[in-house]
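One letter stands for each residue in the lines below.
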Amino acid sequence: MRWRALVLGLLLLRLGLRGALWLVCGPGPGLGFRQRVPGGVGPRRLRGPGAAAAEERPPDPRRPRPGACGPALWGHVLGGRGRGRDEYERRYSGAFPPGLRARMRELARGMFAFGYDNYMAHAFPQDELNPIHCRGRGPDRGDPSNLNINDVLGNYSLTLVDALDTLAIMGNSSEFQKAVKLVINTVSFDKDSTVQVFEATIRVLGSLLSAHRIITDSKQPFGDMAIKDYDNELLHMAHDLAVRLLPAFENTKTGIPYPRVNLKTGVPPDSNNQTCTAGAGSLLVEFGVLSRLLGDPTFEWVARRAVKALWNLRSNDTGLLGNVVDIQTGHWVGKQSGLGAGLDSFYEYLLKSYILFGEKEDLEMFNAIYQSIQNYLRRGREACNEGEGDPPLYVNVNMFSGQLMNTWIDSLQAFFPGLQVLMGDVEDAICLHAFYYAIWKRYGALPERYNWQLQAPDVLFYPLRPELVESTYLLYQATKNPFYLHVGMDILQSLEKYTKVKCGYATLHHVIDKSKEDRMESFFLSETCKYLYLLFDEENPVHKSGTRYMFTTEGHIVSVDQHLRESPWKEFFPEEEGRGPEGKSVHRPKSANFEVINSSANCSRVPDERRYSLPLKSVYMRQIDQMVGLI
């Protein structure tokens, strides 16, 4: 009888364990059962093939994925971690050792110092460093049509100006003070240089304003960055530059500015009437800060008028904007709507303008365009971290119909996960970031354009852009998940391995064969190195000083304080409700969206227990790696 009781006990134990298995994994697909409940936060409309999203109950993040029946499963059932960790978990999950973190921080600091010191030794006072031949680069006077160079380089020591606040953030007070004095004493905007209004604004005007705020901050959180006998010279220089950019806003029937001005003579006689949406509509942060520091509404008014003019030209059917517009007629020349070049910072500055200035209309516009982006640009399954179907991806569509226009994305789009973090859509940001990181893992860089259908680059160069690093940094700040420290380490090591040359870091001409171009753009020091450094410097005053900082689209810090939210010139911004440039009725978003999209609930969607697990489940990481041809 004793052996019968033993057998019966074993059978009952086996049935109990099977019951536990059923409870954890569910009945499985072979049984034909599937429980469906509404999922996701906020309305989404999925379009196009492959978008069969499953609406499933949000899983317990501590629970193994359905169908996982090994040591990991039984470790979970029995209350332990188990031994079923796959290669993604082994590589990325768990703590990032403090010593390794400190080494990565110093590697990022050294990267900046190597580029900056070589610029000062071999290129200053010219605009950029040619890091292969160790010499400087300025505007291409021999070829005015070389816009790739001339739009950016204005013969005003661009790299030095652009790098000012990075010196402060890294705590190098002596070099910051030296650099500021050099800028004050040697840089002039009274130059016969024709530059792009957008580039001069974000790289030069923004940096001057940021450095001015650092110098005049009574708290001095970055150390002693004060300049003896400083008399607001950087603010005066910013004012001088902005005045020289103002002619771009004159003699335009729509209020949308010309794309270029000559700093001495104004708009060139042969100026192009076509401009991109981002270039014309991403001036509000810098122009707004300048206006509020000077008490002069002119600059904010022209920038805000341009934003409203573009906004009123969006499609009545989709709510989307195109990427190129005629500033005189208001007709769309480029009808592509996407997240990348030509549109990226327009979205970014709608939200960041609200953060800085508190103008509710800016947030209303952002919420409306974000919803249109979700409705027409987003493909793939509804939820990032659950369900079936293709990974979420944002594509380029026709602004009027929402129909797919091509099958490529560009590297500038990698900024968007960071913007999603700022507005609280952290889960979707996790998925989109993983896509761009997978491309980086494949090539050790981000190609300028990547064809997701062909699984190959369309445009092969990588000019040391910061967008993926920026999103990595912001996702780490939002989640504190060490996965993003591993990502940052991968990026740092790739940059050291593939782009470091004799006198700095060089653009990759070809991300596959790793051939190089002799150029180090200023944003490498102002953004790429800065975000990498901050990612690994947890104790930086940006994080610990108690002051809230926001980054401009060029990575310059601006403190968010009440002073910038004071606007005594409301009468200068009359409400033009419902009127476009031709007087036609235009729908304006209602503030009801404010409550739905920007609620605090969106900011707590990543549970604490996922802090040291993968932010994206291994099965979905593997799916994305397969999608880009990595495995």
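Caption draft 1: Quick peek at the overall build of the chain. The helix and strand inventory of the chain stands at 23 helices and 20 strands. Put simply, the chain has 631 residues, and 58% of those count as buried. For the chain, contacts bridging at least 24 residues in sequence account for 71% of all contacts bridging at least 6. For the chain, the exposed area adds up to about 26,000 Å²; of that, 52% sits on carbon and sulfur atoms.

Caption draft 2: Region of the structure containing helix 13 (residues 298-311). For helix 13, built from 14 residues, the straight-helix expectation of 20 Å at 1.5 Å per residue is met to within 8% by its first-to-last C-alpha distance of 20 Å. Of all 14 residues in helix 13, eleven are buried, a share of seventy percent or more. If you check which residues of helix 13 are buried, you get F299, E300, V302, A303, R304, A306, V307, K308, A309, L310 and W311.

Caption draft 3: Highlighting the state of the cysteines. The final tally for this structure, using the stated rule, is one disulfide. Residue C134 pairs covalently with C503 via a disulfide, S to S 1.9 Å. Taking the torsion about the sulfur-sulfur bond, which here is approximately 85°, the covalent link between C134 and C503 counts as right-handed. With C134 in the loop between strand 1 (128-130) and strand 2 (135-137) and C503 in the loop between strand 15 (500-501) and strand 16 (504-505), this residue pair connects regions lying 369 residues apart in the sequence. With relative accessibility at 3%, the residue C503 sits in the buried group.

Caption draft 4: Structural view of the packing of aromatic side chains. The final tally for this structure, using the stated rule, is 24 aromatic pairs. Their ring planes at 35° and their centres at 5.8 Å tell us that Y473 and Y531 sit as a pair that is tilted. Here the residue Y473 occupies a position in helix 18 (residues 467-479), and Y531 occupies one in helix 20 (residues 523-536), the gap between them amounting to 58 residues. The residues Y473 and Y531 share a single accessibility class, namely buried. Within the aromatic cluster, the residues linked to one another by ring pairs are F366, Y370, Y394, F415 and F416.

Caption draft 5: Quick peek at the side chain of K352. Along the polypeptide, K352 turns up in helix 14 (residues 344-357). The exposure class assigned to K352 is buried, which follows from its relative accessible area of 3%. Engagement of the side chain of K352 in a polar contact is seen with the side chain of E348, the distance being 2.7 Å. Every residue in contact with K352, bar those within four places of it in the chain, is listed here: V285, L422, E470, M550, F551 and T552.

Caption draft 6: Quick look at the sheet that holds strand 7 (residues 332-334). The three strands are arranged 5-6-7 in an open sheet whose pairing can be described as antiparallel. Strands at the two margins of the open sheet, each flanked by one partner only, are strand 5 (274-276) and strand 7. The average angle at which neighbouring strand axes cross in this sheet is 35°, direction not considered. Strand direction decides the pairing type here: strand 6 (residues 324-326) and strand 7, joined by two bridges, are antiparallel. Counted as the bridge partner of V324 is G334 from strand 7.

Caption draft 7: Seen up close, the side chain of N396. Relative to the assigned elements, N396 resides in the loop between strand 10 (393-394) and strand 11 (397-398). Taking relative accessible area as the criterion, N396 reaches 2% and is therefore assigned buried. Within the local environment of N396, its side chain forms a polar contact with the backbone oxygen of W408, the two atoms lying 2.8 Å apart. Leaving out residues up to four positions away in the same chain, N396 has contacts with Q336, S337, G338, L339, Q403, L404, M405, N406, W408 and Q413.

Caption draft 8: Summary view of the packing of helix 12 (residues 284-294) against helix 13. Here helix 12 crosses helix 13 at 155°, and the two axes come no closer than 7 Å. Comparing their axes, helix 13 and helix 12 come out roughly antiparallel. Between helix 12 and helix 13 lies a crossing of left-handed hand. Where helix 12 approaches helix 13, its residues L284, F287, G288, L290, S291, R292 and L294 are matched on the opposing element by T298, F299, E300, V302, A303 and R304.

Caption draft 9: The arrangement of the sheet that holds strand 14 (residues 456-459) in detail. Read across the open sheet, the three strands follow the order 12-13-14; overall the sheet is antiparallel. Where the open sheet ends on each side, the last strands, each with one partner, are strand 12 (408-410) and strand 14. Pairwise comparison of adjacent strand axes, ignoring direction, gives a mean angle of 35° for this sheet. Pairing analysis gives three bridges linking strand 12 to strand 13 (residues 449-451), with the strands arranged antiparallel. Note on strand 13: the bridge partner recorded for I409 is Y450.

Caption draft 10: Just the nonpolar core, in detail. Counting residues in each nonpolar core, the largest one holds 173 residues, and the members touching the most others are F176 and F435. Sort the elements by how many residues they give to this core and helix 17 (residues 426-443) lands first, with 13 residues. Once residues within four sequence positions are removed from consideration, F176 is found in contact with L164, L167, A168, A211, I214, I215 and M225.

Caption draft 11: Broad picture of the pattern of salt bridges. A complete count under the given rule lists 28 salt bridges for this structure. For D190, the salt bridge goes to K264, with nearest N and O atoms at 3.1 Å. Here the residue D190 occupies a position in the loop between helix 8 (173-186) and strand 3 (194-196), and K264 occupies one in the loop between strand 4 (260-262) and strand 5, the gap between them amounting to 74 residues. Given a relative accessible area of 48%, K264 falls into the partly exposed group. In this structure, a network of salt bridges that share partners links the residues E128, R137, E199, R203, R519 and E521.

The rules behind each value
- Residues numbered from 1 in each chain as written.
- Predicted model: local features only at pLDDT ≥ 70, side-chain atom pairs only at ≥ 80, totals over all residues.
- Heavy atoms only, no water.
- Helix = DSSP H or I, 4+ residues; strand = E, 2+ residues; numbered from the N terminus.
- Buried < 20%, exposed > 50% of the residue type's maximum accessible area, 1.4 Å probe, protein only.
- Contact = heavy atoms within 4.5 Å.
- Areas by Shrake-Rupley, 256 points an atom, 1.4 Å probe, with all protein chains shown as cover.
- Expected span 1.5 Å × (residues − 1).
- Disulfide = S-S within 2.5 Å.
- Phe/Tyr/Trp six-rings, centres within 6.5 Å; stacked < 30°, edge-to-face > 60°.
- Polar contact = N/O pair within 3.5 Å; in protein donor to acceptor, adjacent residues only side chain to side chain.
- Pairing = 2+ DSSP bridges.
- Axes fitted to C-alpha atoms, helices over the stretch in contact; angles between N-to-C directions.
- Parallel < 35°, antiparallel > 145°, perpendicular 65-115°, else oblique.
- Left-handed = near helix turned anticlockwise from the far one by under 90°.
- Core = buried A, V, L, I, M, F, W, Y, C linked by side-chain atoms within 4.5 Å.
- Salt bridge = Lys/Arg side-chain N within 4 Å of Asp/Glu carboxyl O.

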